[in-house]
Amino acid sequence: MEKVVIIGAGAAGLTAAIYTARANLEPLVIEGMQPGGQLTTTTEVENYPGFPDGVDGTEMMDKFKAQAARFGAKFLEYDAVQKADFSKSPFTLEMMVGETIEAKTVIIATGATAKYLGIESEQKFMGKGVSACATCDGAFYKDVPVVVVGGGDTACEEAQFLTRFASKVTLVHRRDQLRASKIMADRTVANPKIEMAWNSVIEEIVGDDSGVTGVRIKNVQTEEVVEVPASGYFSAIGHKPNTDAFDQLEKDDIGYLIANGVKTKYEGVYAAGDVSDAIYRQAVTAAGTGCAAALEAERYLESLGE
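Predicted, not measured: the structure shown is a model, and the values here were computed from it.

1. Some thoughts on the packing of aromatic side chains
Applying the stated criterion across every chain, the model contains 7 aromatic pairs. Summarising the aromatic geometry, the rings of Y48 and F51 are spaced 6.4 Å apart at their centres and angled 55° between planes, so their arrangement reads as tilted. Given a relative accessible area of 15%, Y48 falls into the buried group. With 5.6 Å between their ring centres and 80° between their planes, F86 and F91 make a pair best called edge-to-face. One exposure class covers both F86 and F91, and it is buried. Linked through ring pairs, F86, F91, F246 and Y266 together constitute an aromatic cluster. Taking NZ or CZ as reference, R22 lies 5.5 Å from the ring centre of F71, over its face. Note that K65 overlies the ring of F75, its terminal NZ or CZ placed 4.9 Å from the centroid.

And the structure:
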């Protein structure tokens with residue numbers, strides 16, 4: 001029987017672990033199959049407070065974990081929850097590899113996974129010019145060209161944000177008009193720093209040891225392939241929240257958990273970080289909600305006399 005189980009080991013989960021561990025609750029952190037979360041795919045984080053010179057994403061998450069471990073947090077590596085039952089207390093978590101875990105409180109911090117096209121070169125240059133977050137990485141691309149793929153509101157927002165830094169943004173969309181809202185689409189097409197590659201798909205991302213140097217784009221109507229010079233490639237085709245194991249909880253149309261602050265409809269079950277945040281998706285906001293979830297869990301356990 002665990003007092004606190006935290007599912008996920010990104011910024012939200014590890015912050016929750018630090019707070020609950022300092023409260024002597026000995027939390028168990030289920031790290032999942034990607035310990036450290038999305039930040040481990042980022043070579044340099046420059047927008048997290050306390051790191052004026054920037055920090056490698058994996059290194060930062062290692063520091064988070066070490067801090068939680070220092071106060072007594074426990075970690076379950078390379079296992080994940082495949083089914084959760086919150087209908088009665090204690091809550092039960094059916095694991096993929098290990099035995100079922102019982103918990104008095106659960107903090108869900110499983111995050112959201114950025115969608116990519118699935119081409120091999122995306123993985124090859126991940127963190128070396130390939131990104132899915134313009135807000136996180138846009139400042140690295142001052143005065144150089146970049147490519148964005150997508151056609152919805154997210155793609156338009158990312159492309160417009162990148163024009164603050166990049167010399168040119170090529171937005172690749174497989175149709176001849178954007179799926180984004182009209183005002184967003186009109187604003188994007190009218191932006192002089194954005195060039196539209198209509199009826200086009202990504203063939204390959206090219207580069208060398210220094211990172212991305214260009215993107216091959218194919219016109220689906222003419223079959224013509226051109227290589228566009230680019231130092232950055234941004235996938236803006238959406239995110240998939242990691243919520244498949246939590247069918248008892250309320251979700252929106254995309255699958256993000258619906259919470260009141262960090263509280264779900266079940267007392268003692270909390271959602272923190274990107275798993276319930278479709279808007280900001282930043283390390284610092286995830287950490288903030290991880291803190292909030294931890295404090296709520298502590299208060300709930302106090303109400304039970306723990």
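Moving on, there is more to tell.
2. Quick notes on a nonpolar patch on the surface
A contiguous nonpolar patch, built from M33, Y78, M96 and V97 and spanning about 480 Å² of accessible area, is present on the exposed surface. The topology assignment puts Y78 in the loop between β3 (74-77) and β4 (81-85). We classify Y78 as exposed; its relative accessible area is 55%.

3. What to know about the environment of F75
On the secondary structure map, F75 appears in strand β3. Using a relative accessible area of 22% as the deciding quantity, one classes F75 as partly exposed. Placed 70 residues apart in sequence, F75 and V5 show a C-alpha to C-alpha distance of 9.9 Å.

4. A few points about the side chain of T243
Looking at the element boundaries, T243 is found in the loop between β16 (239-241) and β17 (269-271). Polar side-chain contacts of T243 include one of 2.7 Å to the backbone oxygen of G255. When near neighbours in sequence (up to four residues on either side) are disregarded, T243 contacts K251, G255, L257 and V275.

5. Considerations on the pairing of strand β2 (residues 28-32)
For β2, a buried count of 5 out of 5 residues is recorded, marking the element as mostly surrounded by other parts of the structure. The two faces of β2 match: L28, I30 and G32 on one face and V29 and E31 on the other face are all buried. Where strand β1 (residues 2-7) and β2 come together, 3 bridges link them in parallel fashion. Counted as the bridge partner of I7 is I30 from β2. With respect to chirality, the unit in which β1 leads through helix α1 (residues 11-22) into the neighbouring parallel β2 is right-handed.

6. As for the pairing of strand β9 (residues 145-149)
Counting buried residues in β9 gives 4 out of 5 residues, a clear majority hidden from the surface. As paired strands, β9 and strand β10 (residues 168-172) are joined by 5 bridges and run parallel to one another. Directly across from P145, in β10, lies its bridge partner K168. Handedness of the crossover joining β9 and β10 through helix α5 (residues 153-162) is recorded here as right-handed. Sheet analysis places β9 next to strand β15 (residues 232-235), joined by 4 bridges and oriented parallel. Looking across to β15, one finds that V147 is bridged to Y233.

7. A word on the state of the cysteines
Two cysteines, two sulfur atoms, one covalent bond between them: this is a disulfide. Enumeration according to the criterion identifies 1 disulfide in this entry. Residue pairing for C133: its cysteine sulfur links by disulfide to C136, the two sulfurs lying 2.2 Å apart. Linking C133 and C136, the disulfide has an S-S dihedral of approximately 70° and is accordingly described as right-handed. Taking relative accessible area as the criterion, C133 reaches 16% and is therefore assigned buried. For C156, which is in no disulfide, the shortest distance to another cysteine sulfur is to C133 and amounts to 17 Å.

The rules we used
Residues numbered from 1 in each chain as written. Predicted model: local features only at pLDDT ≥ 70, side-chain atom pairs only at ≥ 80, totals over all residues. Heavy atoms only, no water. Phe/Tyr/Trp six-rings, centres within 6.5 Å; stacked < 30°, edge-to-face > 60°. Buried < 20%, exposed > 50% of the residue type's maximum accessible area, 1.4 Å probe, protein only. Lys NZ or Arg CZ within 6 Å of the ring centre and 35° of its normal. Patch = residues over 30% accessible without salt bridge, like charges linked within 9 Å, V, L, I, M, F, W, Y side chains within 5 Å. Areas by Shrake-Rupley, 256 points an atom, 1.4 Å probe, with all protein chains shown as cover. Salt bridge = Lys/Arg side-chain N within 4 Å of Asp/Glu carboxyl O. Helix = DSSP H or I, 4+ residues; strand = E, 2+ residues; numbered from the N terminus. Polar contact = N/O pair within 3.5 Å; in protein donor to acceptor, adjacent residues only side chain to side chain. Contact = heavy atoms within 4.5 Å. Pairing = 2+ DSSP bridges. Right-handed = clockwise from strand over helix to strand, strands pointing away. Disulfide = S-S within 2.5 Å.

That's the geometry; what it means functionally is another story.
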